[in-house]
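Overview (structure and organization)
Residue strings, one per chain:
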Amino acid sequence: MDKLSVSKKGSFDDFYHRIRKKILSWFKSGKLDKKTGKWTDNFLQYLLVFPDLVHLLIKLFSDREVPPRIKGFIVMGFAYLISPIDIIPDFIPVAGLIDDLLITVIILNKIINSGDEKLVGKVKSYWAGEDDILVKVREITGVMNDVSSQIPKSISDFLKKRK
């Protein structure tokens, strides 16, 4: 990983790099499947995109041409992301970020499917990730559908192991 750069807006850059570093360490540890089950292996690659998605939402929110209605969705998403109350607590490795990723993707899906080509153009221009953002959001949405069916079984297996 590159050296962390701190700009005048250092707090966001630090947060962005901390999240990315945490996700990479989970990925490299190889111990996740023992804690969360094998379903996280396929999903982990999408968590590496999460900081890029948050960065994209911040860029869209700071753009004066983005409609207030869209900024409202972004604010609601950020409120959930920073809230200490989550559907899946953030202290659970990988699984704790799934609901945050889901909320972020739902918001981006809403923006992309708004029918506003200018807005979709802004999404594409602000995207800092490697792949096409439109394809990536569709991929994550598909994986989220698959993963959501496996989460209850993982929780049940986890509870059985604790007995």
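As a reminder, the structure under discussion sits directly above these lines.
Residues numbered from 1 in each chain as written. Predicted model: local features only at pLDDT ≥ 70, side-chain atom pairs only at ≥ 80, totals over all residues. Heavy atoms only, no water.

Attention shifts here to the overall build of the protein chain. A tally of regular secondary structure across the protein chain gives 8 helices and 0 strands. Element order for the protein chain, N to C, with α for helix and β for strand: α-α-α-α-α-α-α-α. Within the protein chain, buried positions represent 42% of all 163 residues. Relative to all contacts within the protein chain whose residues are 6 or more apart in sequence, the contacts with residues 24 or more apart total 66%. (Helix = DSSP H or I, 4+ residues; strand = E, 2+ residues; numbered from the N terminus. Buried < 20%, exposed > 50% of the residue type's maximum accessible area, 1.4 Å probe, protein only. Contact = heavy atoms within 4.5 Å.)

The next point concerns the packing of helix H4 (residues 50-62) against helix H7 (residues 117-126). At a minimum axis separation of 9 Å, H4 and H7 run at an interaxial angle of 130°. On the basis of their axis angle, the class for H4 and H7 is oblique. In this structure, H4 crosses over H7, and the sense of that crossing is right-handed. In this structure, H4 contributes His 55, Leu 56, Lys 59 and Leu 60 to the contact, and H7 contributes Lys 122, Val 123 and Tyr 126. Residues that form the contact of H4 with H7 fall into these classes: 4 nonpolar, 1 polar and 2 charged. (Axes fitted to C-alpha atoms, helices over the stretch in contact; angles between N-to-C directions. Parallel < 35°, antiparallel > 145°, perpendicular 65-115°, else oblique. Left-handed = near helix turned anticlockwise from the far one by under 90°. Nonpolar A, V, L, I, M, F, W, Y, C, P; charged D, E, K, R; others polar.)

Turning our eyes to something else, we now look at the packing of aromatic side chains. In the structure shown here, the tally under the stated rule is 0 aromatic pairs. When the ring centre of Phe 61 is taken as origin, the NZ or CZ atom of Lys 71, which lies over that ring, is 5.7 Å away. (Phe/Tyr/Trp six-rings, centres within 6.5 Å; stacked < 30°, edge-to-face > 60°. Lys NZ or Arg CZ within 6 Å of the ring centre and 35° of its normal.)

A word on the packing of H4 against helix H5 (residues 68-82). Each pair of packed helices gets described by two things: the angle between the helix axes and the distance between those axes. At a minimum axis distance of 10 Å, the contact between H4 and H5 shows a crossing angle of 140°. In terms of orientation, H4 lies oblique with respect to H5. Where H4 crosses over H5, the two elements pack in a sense that is left-handed. Facing H4, whose interface residues are Phe 50, Val 54, Leu 57, Ile 58, Leu 60 and Phe 61, H5 presents Lys 71, Ile 74, Val 75, Phe 78 and Leu 81. Looking at the contact of H4 with H5 residue by residue, the class counts come to 10 nonpolar, no polar and 1 charged.

Looking now at the nonpolar core. Among the nonpolar cores identified, the biggest contains 34 residues, and Leu 53, Leu 60 and Ile 111 are the most heavily contacted of them. No other element matches helix H6 (residues 95-112), which puts 8 residues into this core. (Core = buried A, V, L, I, M, F, W, Y, C linked by side-chain atoms within 4.5 Å.)

Let us look at the environment of Ile 107. Topologically, Ile 107 is positioned in helix H6. Given a relative accessible area of 9%, Ile 107 falls into the buried group. When the C-alpha atoms of Ile 107 and Ile 74 are compared, they prove to be 6.8 Å apart, with 33 residues separating the residues in sequence. With residues near it in sequence (within four places) discarded, Ile 107 still touches Leu 57, Phe 73, Ile 74 and Gly 77.

Structurally, Glu 130 can be placed in the loop between H7 and helix H8 (133-162). A C-alpha to C-alpha distance of 9.4 Å links Glu 130 and Asp 52, two positions 78 residues apart in sequence.

Further remarks concern H4. Look at H4: 19 Å from first C-alpha to last across 13 residues, which is about the 18 Å you get at 1.5 Å a residue. Along H4, the residues classified as buried are Phe 50, Pro 51, Asp 52, Leu 53, Val 54, His 55, Leu 56, Leu 57 and Leu 60. (Expected span 1.5 Å × (residues − 1).)

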